[in-house]
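Spelled out from the first residue to the last, the chains are:
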Amino acid sequence: QAEDEVLREKAILRTLIDSLPDLIWLKDPQGVYLACNRRFEQFFGAPEEKILGKTDYDFLTKDLAEFFRAKDLAATEKNKPSVNEEEISFASDGHREILETTKTPMRNERGELIGVLGIGHDITERKQAEQALESREQQLRFVLEGANLGFWDWDIAANSVHRNARWAEMLGYTFSEIQETPQQWTDFIYPEDREAAWSSIQAVLEGRTNVHRLEYRMLHKDGSIRWILDQAKVMQRDGKGLPLRMCGTHTDITERRVAEQRLLDSDKRLNMALRIARQG
């Protein structure tokens, strides 16, 4: 009965390991395979019974086998799990995957090294998504630079703001002089405009409106005033609807506002002149 129970537990464990989507393998200190699961069999394109007792050199190119061996040795030398990214090609059908592999030294009760346990998790989709995001961000930076726009990206949870160089240049600063804090934005706003600016931002954060769009004054490093058109939206919310990320752009509209003021002043002078003429 005891033997049957052990066999049953082994069968359950084996079924569990084979059903996992990760590659799982075990090598001895010399790199000889002691066990592997079904997903790993697909990698080598061979059943476990033909893998056991052999090494990577029996299935892979010399360069790749030596690469894997070096990673195993690195894990044993550090005596702790080693995490790496490895791109592999499956012998079973030729498709490629990017794996995040964790290699853990296995030791007996006496502390002697008895092998290395490897687990490979497929992160291909995640890496592709990251690459696509990076590509979109590069395209966005290119568009922003071409349009001469300042850009800000507020991580609300971390209370930090990433801004591009143009955002700083509009106010006479270098990129290294600006801080990644919302407070610095507040400090740069003309005092009389701060309440209106934050009220507009808060309305979007609370979901009372979708877009923050406001023209207000900001303080230039040389003491002058710049008019800024600030436009932003919440880009990400959590499951409860609370804002996590907000992004926006700054456009320097000082010349336009100055021209509008000149036109307004000109109209006032003209109207005053007409009134005087009528009175005369």
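See above for the structure.
Model, not experiment: these values are computed from the prediction.

Definitions and limits used
- Residues numbered from 1 in each chain as written.
- Predicted model: local features only at pLDDT ≥ 70, side-chain atom pairs only at ≥ 80, totals over all residues.
- Heavy atoms only, no water.
- Salt bridge = Lys/Arg side-chain N within 4 Å of Asp/Glu carboxyl O.
- Helix = DSSP H or I, 4+ residues; strand = E, 2+ residues; numbered from the N terminus.
- Buried < 20%, exposed > 50% of the residue type's maximum accessible area, 1.4 Å probe, protein only.
- Patch = residues over 30% accessible without salt bridge, like charges linked within 9 Å, V, L, I, M, F, W, Y side chains within 5 Å.
- Areas by Shrake-Rupley, 256 points an atom, 1.4 Å probe, with all protein chains shown as cover.
- Expected span 1.5 Å × (residues − 1).
- Contact = heavy atoms within 4.5 Å.
- Pairing = 2+ DSSP bridges.
- Axes fitted to C-alpha atoms, helices over the stretch in contact; angles between N-to-C directions.
- Phe/Tyr/Trp six-rings, centres within 6.5 Å; stacked < 30°, edge-to-face > 60°.
- Lys NZ or Arg CZ within 6 Å of the ring centre and 35° of its normal.
- 1 Å grid on protein atoms, 1.4 Å probe; cavity = no way out; pocket = protein on both sides within 12 Å on 5 of 7 lines; lining within 4 Å.
- Points joined across faces, edges and corners; volume = space filled by probe spheres on them.
- Nonpolar A, V, L, I, M, F, W, Y, C, P; charged D, E, K, R; others polar.

A. Representation of the pattern of salt bridges in the model. By the definition in use, this model includes 21 salt bridges. Note that glutamate 130 and arginine 126 form a salt bridge whose closest N and O atoms lie 3.4 Å from each other. In this pair, glutamate 130 and arginine 126 both sit in helix H5 (residues 124-146), 4 residues apart, roughly one turn of the helix. Overall, glutamate 130 belongs to the partly exposed group, its relative accessible area being 37%. Judged by relative accessible area, arginine 126 falls into the partly exposed class, the value being 39%. Note that aspartate 153 is salt-bridged to arginine 245, the shortest N-O span being 2.5 Å. Placement of the pair is aspartate 153 in strand S6 (residues 150-155) and arginine 245 in strand S10 (residues 243-252), with a sequence separation of 92 residues. Among the charged side chains, a salt-bridge network with shared partners connects Lys27, Asp56, Asp72, Glu86 and Lys103.

B. View of a nonpolar patch on the surface. Together, Leu13, Leu16 and Leu20 line one region of the surface with nonpolar side chains, adding up to about 260 Å² of accessible area. Tracing the backbone shows leucine 13 in helix H1 (residues 2-19).

C. Layout of helix H4 (residues 62-78). Taking 1.5 Å of rise per residue, the 17 residues of H4 would be expected to cover 24 Å, and the 24 Å separating its terminal C-alpha atoms lies within 8% of that figure. For H4, the elements touching its buried residues are strand S1 (23-27), helix H2 (38-44), strand S3 (82-89), strand S4 (96-107) and strand S5 (113-122). At the C-terminal side of H4, asparagine 79 shows a positive phi close to 55°.

D. Structural detail: the sheet that holds strand S8 (residues 212-219). Sheet architecture is open: 5 strands sit in the order S7-S6-S10-S9-S8, paired in antiparallel fashion. What marks the edges here is a single partner per strand, and that holds for strand S7 (160-163) and S8. On average, each strand axis in the sheet is tilted by 25° relative to the strand beside it, whichever way the strands run. As paired strands, strand S9 (residues 225-237) and S10 are joined by 9 bridges and run antiparallel to one another. What sits directly across from leucine 229, in S10, is threonine 251. Of the strands in this sheet, S6, S8, S9 and S10 touch helix H8 (residues 194-205), which is tilted by about 150° from S8.

E. Structural detail: the sheet that holds strand S2 (residues 33-36). Strands sit in the order S2-S1-S5-S4-S3 across an open sheet of 5 strands; the sheet is antiparallel. One side of each edge strand has no neighbouring strand; the edge strands of this open sheet are S2 and S3. Shown here is a sheet whose adjacent strand axes are inclined to one another by a mean of 25°, direction ignored. Pairing between S3 and S4: 8 bridges, direction antiparallel. Counted as the bridge partner of asparagine 84 is threonine 101 from S4.

F. A look at the packing of aromatic side chains. Enumeration over the complete set of coordinates arrives at 14 aromatic pairs. Arranged with centres 5.9 Å apart and planes meeting at 50°, the rings of phenylalanine 67 and phenylalanine 68 form a pair that is tilted. Among the aromatic side chains, those forming a connected cluster through ring pairs are Trp25, Tyr33, Phe40, Phe43, Phe44, Phe59 and Phe90. If you follow arginine 163 out to its NZ or CZ, it ends over the ring of tryptophan 167, 4.5 Å from the centre. It is arginine 257 that lies over the ring of tryptophan 227; its NZ or CZ is 3.7 Å from the centre.

G. Expanded view of the layout of surface pockets. If you add up the space inside the second largest pocket, you get close to 180 Å³. For the second largest pocket, the full set of lining residues is Lys10, Leu13, Arg14, Ile17, Ile24, Trp25, Leu26, Ala35, Cys36, Asn37, Glu48 and Leu117. Ranked by the residues each element gives to the lining of the second largest pocket, the list is headed by H1, at 4 residues. Broken down by class, the residue content of the lining of the second largest pocket amounts to 8 nonpolar, 1 polar and 3 charged.

H. Just the pairing of S5, in detail. In this structure, S1 lies alongside S5, joined through 5 bridges in antiparallel fashion. Pairing of tryptophan 25 across the sheet is with glycine 118, part of S5. For S4 and S5, the ladder comprises 9 bridges, and the chain directions are antiparallel. The residue bridging proline 105 from the neighbouring strand is valine 116, located in S5. The hairpin turn running from S4 into S5, its antiparallel successor, is 5 residues long, and glycine 111 in that turn takes a positive phi close to 85°.

Nothing here speaks to function; it is geometry throughout.
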